[in-house]
Amino acid sequence: EKGGYEHFMLKEIYEQPRSIADCMRGRLDAKNGRLVLGGLRDYMNKFQNADRIIITACGTSWHAGLVAEYLFEEFARIPVEVEYASEFRYRNPVVNEKDFVIAISQSGETADTLAAIELAKSKGATIFGVCNVVGSSIARATHAGSYTHAGPEIGVASTKAFTAQISVLTMMALMLGYQRGTLTESKYVQLLNELEKIPSKVEETLQMNPHIEEISAEYKDARNFLYLGRGYNFPVALEGALKLKEISYIHAEGYPAAEMKHGPIALIDEEMPVVFIATKDNSYEKVVSNIQEVKARKGKIIAVVTEGDTTVKSMADHVLEIPDTAEAFVPLLSVIPLQILSYHIAVMRGCNVDQPRNLAKSVTVE
Ligand code: M6R
């Protein structure tokens, strides 16, 4: 059932080229410039005219929501708020009929997310679900939705569900931007073509596995880890840190790289591995200077970079190269080496990778 893999988590990491392709199948047809999400059809008007998009979720799904915030604001120019379901529901939030709420959940059974949906629904908002499990409670409680079609995810640490969620949210943002005219036809078509290449670029990224395994051996006894990224890679930093802490029990924190100087920099010494996501994008130069600051304090640097990068290579202790893509699609690639890193470190520490202590696959208590 693990298809020859030692753990479900590794199998699911390796399934990503296929699960992302499955998620796009029948929806994205770049050659003909077409993108259709069936579940959105009847609600496109509401979506397009929403005053605001509220995204609610927990854990990894909340990280996918953060990526979506960048996507929706960049492509569709609609303000977005991303809310932890557990906070949203308990604070008497301002929600009304003009709000379009997106609930993201792999299992579709997370109690806090379900309760947040019921609350927003009672205030008249339209609720759209992005779920993996067909027929789940959240899928049934929403007005409409698009499934992620990632297939069953058994490992408690979410991997392929995360990239499938981002794939659906990316398609939603592109459709919305195109309909609203905030995304030009030529840019739209160019992005559709780039999106179609993502599964094969994920495949390419997976080839780093043996290299990441070697690096993991060097850091498996670390007591802390810092993950830093900016822009689209900020949520990826949070996700990398969450993956490491939940399966290896190493304390890890994710931060937007620019926030480092407002506190976390005090933690840096030769004992502190810092994972930078430093791909070639708008904030690249800034991230490079953050890397220099960590190096000056003798922190160990593992950097995820764009293929062919030489600047970061000359500074970092280790680099993990991912293929070049559109800035907005980078999370689909940059998260892969971080999933693999946490996997190997957890295995080397003798942890129960698929069923970490104290955790359940779906959290049905509030
Ligand atoms: O099933 P959901 O997506 O609603 O679950 C949300 C979180 O419980 C989940 O993402 C959790 O954080 C994972 N264990 C992360 O790997």
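Here, every reference points to the structure presented above.
Being a predicted model, the structure only gives us computed values, none of them experimental. (Residues numbered from 1 in each chain as written. Predicted model: local features only at pLDDT ≥ 70, side-chain atom pairs only at ≥ 80, totals over all residues. Heavy atoms only, no water.)

Colleague: Would you explain the sheet that holds strand β8 (residues 224–229) in this entry?
Modeller: Strand pairing in a sheet relies on backbone hydrogen bonds. The paired strands run either parallel or antiparallel. Pairing is parallel in the open sheet, where 5 strands are placed in the order β9-β8-β10-β11-β12. Only two strands of the sheet have a single partner each, and these edge strands are β9 (251–256) and β12 (318–322). Geometrically, the sheet is characterised by an average inter-axis angle of 15° between neighbouring strands, direction not taken into account. Here helix α13 (residues 284–296) sits on the sheet in contact with β10 (273–277) and β11 (300–306), set at roughly 170° to β10. (Pairing = 2+ DSSP bridges. Helix = DSSP H or I, 4+ residues; strand = E, 2+ residues; numbered from the N terminus. Axes fitted to C-alpha atoms, helices over the stretch in contact; angles between N-to-C directions. Contact = heavy atoms within 4.5 Å.)

Colleague: Could you clarify how one ought to interpret the packing of aromatic side chains in this entry?
Modeller: To describe a pair of aromatic rings, you give the distance between the ring centres and the angle between the ring planes. The full count for this structure, using the stated rule, is 9 aromatic pairs. Taken together, the ring pairs connect Phe47, Phe72, Phe100 and Phe128 into an aromatic cluster. We note Lys280 situated over the ring of Tyr284; from NZ or CZ to the ring centre the distance is 5.1 Å. A cation sits over an aromatic face here: Arg357 above Tyr249, 3.7 Å from the ring centre. (Phe/Tyr/Trp six-rings, centres within 6.5 Å; stacked < 30°, edge-to-face > 60°. Lys NZ or Arg CZ within 6 Å of the ring centre and 35° of its normal.)

Colleague: I keep staring at helix α6 (residues 111–122) and nothing clicks. Help me out?
Modeller: Because an α-helix completes one turn every 3.6 residues, residues spaced three or four positions apart along the sequence face the same direction. Between its first and last C-alpha atoms α6 spans 17 Å; for 12 residues at 1.5 Å apiece the expected length is 16 Å, and the two agree. Within α6, the full set of buried residues consists of Ala111, Asp112, Thr113, Ala115, Ala116, Ile117 and Ala120. On the buried face of α6, the contacting elements are β3 (52–57), α5 (85–88), β5 (99–105), β6 (126–131) and α7 (137–141). (Expected span 1.5 Å × (residues − 1). Buried < 20%, exposed > 50% of the residue type's maximum accessible area, 1.4 Å probe, protein only.)

Colleague: Honestly, the pattern of salt bridges in this entry has me stumped. Any pointers?
Modeller: Two side chains bearing opposite charge may form a pair once their charged atoms approach each other closely. For the structure on display, the rule yields 16 salt bridges. Taking the shortest distance from any N to any O, the salt bridge between Glu15 and Lys11 comes out at 3.0 Å. This pair shows no difference in class: Glu15 is buried, exactly as Lys11 is. (Salt bridge = Lys/Arg side-chain N within 4 Å of Asp/Glu carboxyl O.)

Colleague: Would you explain the sheet that holds β6 in this entry?
Modeller: Taken together, the 5 strands give an open sheet; going across it, the order is β4-β3-β5-β6-β7, and neighbouring strands pair in parallel fashion. Of all the strands in the sheet, the pair left with one neighbour each is β4 (80–84) and β7 (144–147). When strand polarity is set aside, the average angle formed by the axes of neighbouring strands in this sheet is 20°. As paired elements, β3 and β5 share 5 bridges and run parallel to each other. For Arg52, the partnering residue across the bridge sits in β5 and is Asp99. Strand contacts of α6: β3, β5 and β6, with the helix running at about 165° to β5, the strand carrying the most contacts.

Colleague: Sorry, what's going on with the pairing of β11 here?
Modeller: Put simply, side chains in a regular strand alternate between the two faces of the sheet. Of all 7 residues making up β11, 6 are buried, and the element is well covered by its neighbours. With 5 bridges connecting them, β10 and β11 associate as parallel partners. Looking at β11, one finds that Pro273 is bridged to Lys300.

Colleague: What should I look at first to understand the environment of Lys197 in this one?
Modeller: Inspection of the secondary structure puts Lys197 in the loop between α9 (185–196) and α10 (198–206). Take Lys197: its relative accessible area is 43%, and that puts it in the partly exposed class. Sequence separation of Lys197 and Ala21 is 176 residues, and the distance between their C-alpha atoms is 9.4 Å.

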